[in-house]
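# Descriptive analysis of the structure
One letter stands for each residue in the lines below.
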Amino acid sequence: MGLFSSLRGILISVSVTTLAGCGTMTAAPESDLTYQQVHEVELSQGEIFEKAQEWLAITFVDSKEVVEVASPDTGTIIGKGIVQISPTGIVGIPVRFTVRIDTKEGRYRSTYTNYVAYYGTARNQPVEVTDSRSAGQVNQRIGDLDADLLRYLETSSATPDDW
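Residues numbered from 1 in each chain as written. Predicted model: local features only at pLDDT ≥ 70, side-chain atom pairs only at ≥ 80, totals over all residues. Heavy atoms only, no water.

Our next topic: the overall build of the chain. Across its full length, the chain carries 4 helices and 6 strands. Going from the N terminus to the C terminus, the chain shows its helices and strands as α-β-α-α-β-β-β-β-β-α. When contacts within the chain are restricted to residue pairs at least 6 apart in sequence, those whose partners lie at least 24 apart make up 58%. When the accessible surface of the chain is totalled, it reaches about 10,400 Å², and 55% of it is carbon and sulfur. (Helix = DSSP H or I, 4+ residues; strand = E, 2+ residues; numbered from the N terminus. Contact = heavy atoms within 4.5 Å. Areas by Shrake-Rupley, 256 points an atom, 1.4 Å probe, with all protein chains shown as cover.)

Shown next, in the form of structure tokens:
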């Protein structure tokens, strides 16, 4: 009976501590669950479209897994990406997101949405990101990615035909 009481006490203590920790998480405002930027570049719509696809292929391991829609007619690319965050500061958690790149002559809009973190020892338990700390970390990582896309578009020149 003493062992059972001790185990029950530990279980209750762990449960209360866990719930108290969850209670301190602040819900992120809806605006923090989307990252969107419009950038001007000195490229045609077709060049932006092509180079954005190149960037996706270079940045993410398998562009065939990343790009879900690529329509040159509308100038839209929709795909998936992954960044790592560490809400506790200890363990890295992968977060999958949707990226949409809309291209026009001389500019493009990049929109990142649908943040889903993968927890568990096998990182196979999807949980929608809704807390401020995690959303802030995701947006920081995505901001870095978005800046990298802009740099790529501004500095990448067409592959020379005569190599």
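Let's pick the thread back up.
Attention now goes to the packing of aromatic side chains. Using the criterion set out here, one finds 4 aromatic pairs in the structure. Geometrically, the ring pair formed by Phe60 and Phe97 is edge-to-face, given 6.3 Å between the ring centres and 65° between the ring planes. Of the two residues, Phe60 sits in the loop between α2 (45-59) and α3 (63-66) while Phe97 sits in strand β4 (residues 93-104), which places them 37 residues apart along the sequence. (Phe/Tyr/Trp six-rings, centres within 6.5 Å; stacked < 30°, edge-to-face > 60°.)

Our next topic: unusual backbone geometry. The phi angle at Asn114 is positive, at roughly 55°, despite the residue not being glycine. In this fold, Asn114 is placed in strand β5 (residues 107-119). With phi around 55°, Arg123 is a residue other than glycine that occupies positive phi space. Mapped onto the secondary structure, Arg123 falls in the loop between β5 and β6 (125-128).

Now for the nonpolar core. Residues Phe97, Tyr112 and Tyr115 are the most contacted members of the largest nonpolar core, which totals 33 residues. Element by element, the count of residues in this core is highest for helix α4 (residues 132-155), at 8 residues. The contacts of Phe97, once residues within four sequence positions are left out, are Phe60, Gly79, Lys80, Gly81, Ile82, Val83, Tyr112, Thr113, Asn114, Tyr115, Ile142 and Leu145. (Core = buried A, V, L, I, M, F, W, Y, C linked by side-chain atoms within 4.5 Å. Buried < 20%, exposed > 50% of the residue type's maximum accessible area, 1.4 Å probe, protein only.)

Bridge count for strand β2 (residues 67-71) against strand β3 (residues 76-85) is 4 bridges, and the pairing is antiparallel. Bridge pairing links Val67 to Gly79 in β3. Where β2 folds back onto β3 in an antiparallel hairpin, the turn is made up of 4 residues, including Gly75, whose phi is positive at roughly 75°. With 10 bridges connecting them, β3 and β4 associate as antiparallel partners. (Pairing = 2+ DSSP bridges.)

Turning our eyes to something else, we now look at the pairing of β5. Relative to β5, strand β1 (residues 35-40) runs antiparallel, the two sharing 6 bridges. Paired with Val38 across the two strands is Arg109, which belongs to β5. With 9 bridges joining them, β4 and β5 adopt antiparallel strand pairing. When the bridges of β5 are listed, Arg100 appears paired with Thr111. The hairpin turn running from β4 into β5, its antiparallel successor, is 2 residues long, and Gly106 in that turn takes a positive phi close to 80°. For β5 and β6, the ladder comprises 4 bridges, and the chain directions are antiparallel. Among the inter-strand pairings, Ala117 is bridged to a residue of β6, identified as Val127. What sits between the antiparallel neighbours β5 and β6 is a turn of 5 residues, in which Gly120 has the positive phi angle 95°.

Turning our attention to the packing of α2 against α4. Direction vectors running N to C along α2 and α4 enclose 130°, while the axes themselves pass 10 Å from each other. Overall, the two elements α2 and α4 adopt an arrangement that is oblique. Judged by the sense of rotation from one axis to the other, the crossing of α2 with α4 is right-handed. Of α4, the residues touching α2 (which contributes Ile48, Lys51, Ala52, Glu54, Trp55, Ile58 and Thr59) are Leu145, Asp148, Leu149, Tyr152 and Leu153. Per-class residue counts for the contact of α2 with α4 are 8 nonpolar, 1 polar and 3 charged. (Axes fitted to C-alpha atoms, helices over the stretch in contact; angles between N-to-C directions. Parallel < 35°, antiparallel > 145°, perpendicular 65-115°, else oblique. Left-handed = near helix turned anticlockwise from the far one by under 90°. Nonpolar A, V, L, I, M, F, W, Y, C, P; charged D, E, K, R; others polar.)

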